[in-house]
Amino acid sequence: MGGRNSTPAAGGESKEKTGREDGSPPGKTTLDIAITGVTGAGKSSLVNALRGLSDFDEEAAKTDVIEGTKEPMGYPHPAFPDVTIWDLPGIGTPDFKAEEYLERVNYSQYDFFIIVAAHRFLVCDIQLSQEVQKMKKRFYYVRSKMDVSIKNEKLNPDFSEEATIQKVRKDCLSNLVQAGISSPEIFLIASWYPDKYDFPLLDRTLRNEIETLRRYVLRPAALPDSEKKSDDKSTNTPKGSGIRFILLQKMLKIDLAKLKDALMQRNLEEVTEEIRQELDALQNVKLDIAITGVSGAGKSSLVNAMRGMTDYEDGAAKVGITQTTMECQAYPHPLFPNVTIWDLPGIGTPEFRAKDYLEKVNFSEYDFFIIVAFERFTENDVLLAHKIKEMKKKFYFVRSQMDVSMIAEVRNPRFSMERSLQKIQKDCCDNLTEVGESNPRVFLISRRDLDMYGFPSLQEALEKDLDDLKRHALIQAMPVFSRQILKKKKAAMQKLIKKFAIVSCAVGAIPVPGLSLVCDVGILVGALLLFYKVFGLDEESLRRVAKVMGKDFQVLKSAIKKSPMANEITPKLVVGLLSRSLLVASVTIVEFVFDFIPVLGSLFGGIGSFITTYYVLSGFLKDIVEDAENIRAKAAEP
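Residue positions are counted from 1 within each chain, in the order its sequence is given. Since the coordinates come from a predicted model, pLDDT governs what is reported: local features require at least 70, and pairs of side-chain atoms require 80 or more to be given and counted, while whole-chain, interface and lining totals use all residues. To get the side-chain values, take all heavy atoms of the structure and skip hydrogens and water.

Chemist: Help me understand the side chain of E379, please; the structure alone is not making it clear to me.
Modeler: Examined against the element boundaries, E379 turns out to sit in helix α11 (residues 379–390). Each residue is assigned to one of three classes by its accessible area relative to the maximum for its type, calculated with a 1.4 Å probe on protein chains only: buried under 20%, partly exposed between the two thresholds, exposed over 50%. Positive charges come from Lys and Arg, negative ones from Asp and Glu, while His and the chain ends are left out of the count. Just to be clear on terms, a salt bridge is a Lys or Arg side-chain nitrogen sitting within 4 Å of an Asp or Glu carboxyl oxygen. Salt bridges are absent for the buried E379, whose nearest opposite-charge side chain, K97, sits at 5.8 Å. Contact criterion: two residues are considered in contact whenever any of their non-hydrogen atoms come within 4.5 Å of each other. Ignoring any residue separated from it by four or fewer positions in sequence, one finds E379 in contact with G92, T93, P94, K97, A98 and E99. Working definition: helices are DSSP H or I runs of at least four residues, strands are E runs of at least two. Numbering for both runs from the N terminus.

Given below as structure tokens:
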């Protein structure tokens, strides 16, 4: 698990209790520096960087996409043979719960600390920093993964790297001061580029700190005859880095046969009223989805992704490099406002401590939950899963930011994406099984690449667990990120076409001016506008996709070959489109009406409207689906 001479603290040299004011034992011969903090923050990578190693060198501390450090591991400092850098397990995991952590890792035995945090300032950071100060020892606070934060912030139209760095530094400082830490020393570092941001300063400052600590902590006899100052030569730079119509006839025969069977039992008015009620229910059903989890896991970004929005447009859930969600915030879908995604504050922050969280966010209000985690499974994830199960509601466990994890893993010469994904999936499932979830549902996703990893599987699982009405609402609202979701949307709209046709049948024979067709043009216009929204062909949706994919709006618009633009859809346009189908539709009406006499023959006008509506909407739908696929392909072009 560790590098050369790495030794679990529990089995190493025993550390006697001390009477010294700073808690360090008299007569020590080695200086012990602890790298501590939340799991997944990059502690092991920092250990390696401080030792001049890459994460994949033979003697490097082990890094992983799941929790890798299960016990304190010691690694010699390359410039100071009497200094050991200890890689401690992450606080807040099921194996190292916060209330037991300090005792289990024997926190008091170390002489100096580096507390590593990523993305957000958490309650665990307060606990660790206050404990170090209580022991009258010193520590540095390191905010890691600044390269990831900067990359995400670059999507903001108002991005400034300098302003972003200052914002993060100020947030860390204010939180530490608020926690009662006097004169905190803060360093911002990158995940994979040790020469960026504050790492060179951190390395120099730590070396100076070591010089001071060695003189103060170590027994004089343990020091060399002449103090040796560290120099740069001991530090190595880490390594870089005609069939369509036949099919339609068959569909029409099937659905007209079903209508005939229904009319054998009830009259047309009763059948139509039932359909109207179904359509009304479909339009008004409410779906409330709660996105919860630890702070900084990417909850707000997932809220925006599920709404088909960028992170920085008007109406988007606010994202940022510091905590942004301070209360439960409802975000209706921009086109289907009956679907609401709730962005809940992150659990485990100073404002939302675990013991108060469930009451503050009112968990009982939502249809189901998506628990979002990043990098590691934590005890807060366990708490959320337990409480949701107690309410007998469903939850889905999402491991987010897989693109970031894979970028880290691909640096490994033995990298295999399939193995890495299986490893993460298994780790999440095993942890959920340990807390009593008999059939854990885990999905690995990337907000940047919804068609990759497990997002399609998540969407499919949500569908299966919802009733018919809420399933329809979800399918309508889902962004068009894959061919599979296009097929689902098409199937849902095909079911609606039959319902619209039955309603038009009851309306009766409404002649279309200038044509020998009967139908309700208003129904056609309304249905066509709905199809445009569902498949994202309206201008608002196209502009949103252009922003998300970094494409020119006009380029995406040019991919629409068969359908008119949404703002051009009027009764006059629909009548013009109807004229193109006059011959086929007229022949079809005569053929099918004679097939279904005597039951439907007396409703010739109504059945004519049914068939015209059915045929025309089916043709419109086919064209819209093709254009939606063209847009998806154009957006994916490099």
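From this point, the discussion proceeds with the structure in view.
Chemist: I'm lost on the nonpolar core in this one. Help?
Modeler: Buried together is how nonpolar side chains tend to be arranged in soluble globular proteins. Grouping buried Ala, Val, Leu, Ile, Met, Phe, Trp, Tyr and Cys residues that are joined through side-chain atoms within 4.5 Å yields what is termed a nonpolar core. In terms of nonpolar packing, the biggest core is built from 117 residues, with I289, I291, M306, I370, F455, M493 and F535 touching the most fellow members. In terms of residue count, the dominant contributor to this core is helix α22 (residues 604–636) (13 residues). The contact partners of M306, leaving out residues within four places of it in the chain, are I289, I291, H333, I341, I370, F455, L462, A477 and P479. Membership of the second largest hydrophobic core comes to 62 residues, among which are L31, L122, I165 and V168.

Chemist: Teacher, can you tell me more about the confidence of the model for the chain here?
Modeler: Confidence of the predictor in every single residue is expressed as pLDDT, which spans 0 to 100. Of all residues in the chain, 78% attain a pLDDT of 70 or more, and the chain-wide mean is 77. Contacts from residues 582–605, a stretch scored under 50 in pLDDT, to residues over four places away or in other chains number 43 contacts.

Chemist: Whenever I open this one, the packing of helix α1 (residues 43–50) against helix α6 (residues 199–217) confuses me. Can you help?
Modeler: Axis angle and axis distance: for two packed helices, these are the angle between their axes and the distance between the axes, and together they describe the pair. With axes taken as lines fitted to C-alpha atoms, and helix axes fitted only over the stretch in contact, angles between N-to-C directions fall between 0 and 180 degrees. Put simply, α1 and α6 touch, their axes get as near as 11 Å, and they point 70° apart. Viewed along their axes, α1 and α6 adopt a mutual orientation that is roughly perpendicular. Where α1 crosses over α6, the two elements pack in a sense that is right-handed. Contacts between α1 and α6 involve L46, A49 and L50 from the first element and F199, L202, D203 and L206 from the second. Gly is put with the polar residues, along with every residue not named as nonpolar or charged; the nonpolar set is Ala, Val, Leu, Ile, Met, Phe, Trp, Tyr, Cys and Pro, and the charged set is Asp, Glu, Lys and Arg. Residues belonging to the contact of α1 with α6 are distributed by class as follows: six nonpolar, no polar and one charged. Throughout, the term roughly parallel applies to angles under 35 degrees, roughly antiparallel to angles over 145, roughly perpendicular to angles from 65 to 115, and oblique to all others. It is the rotation of the near helix from the far one that decides the hand of a crossing: anticlockwise by less than a right angle makes it left-handed, clockwise makes it right-handed.

Chemist: Just to check I follow, could you spell out the side chain of D125 for this structure?
Modeler: Checked against the element boundaries, D125 lands in helix α3 (residues 123–134). Summary of buried charges: D125 has no salt-bridge partner, and the nearest side chain of opposite charge, R143, is 8.3 Å away. Only 2.8 Å separates the side chain of D125 from the backbone nitrogen of L122, close enough to count as a polar contact. Pairs of N or O atoms within 3.5 Å make up the polar contacts considered here, provided that, within protein, one atom can donate a hydrogen while the other can accept it, and that residues adjacent in sequence are counted only when both atoms are side-chain atoms. Reaching out from D125, the side chain makes a polar contact with the side chain of Y141 at a distance of 3.3 Å. Apart from residues no more than four positions distant in its own chain, D125 is found in contact with V38, I115, A117, R120 and Y141.

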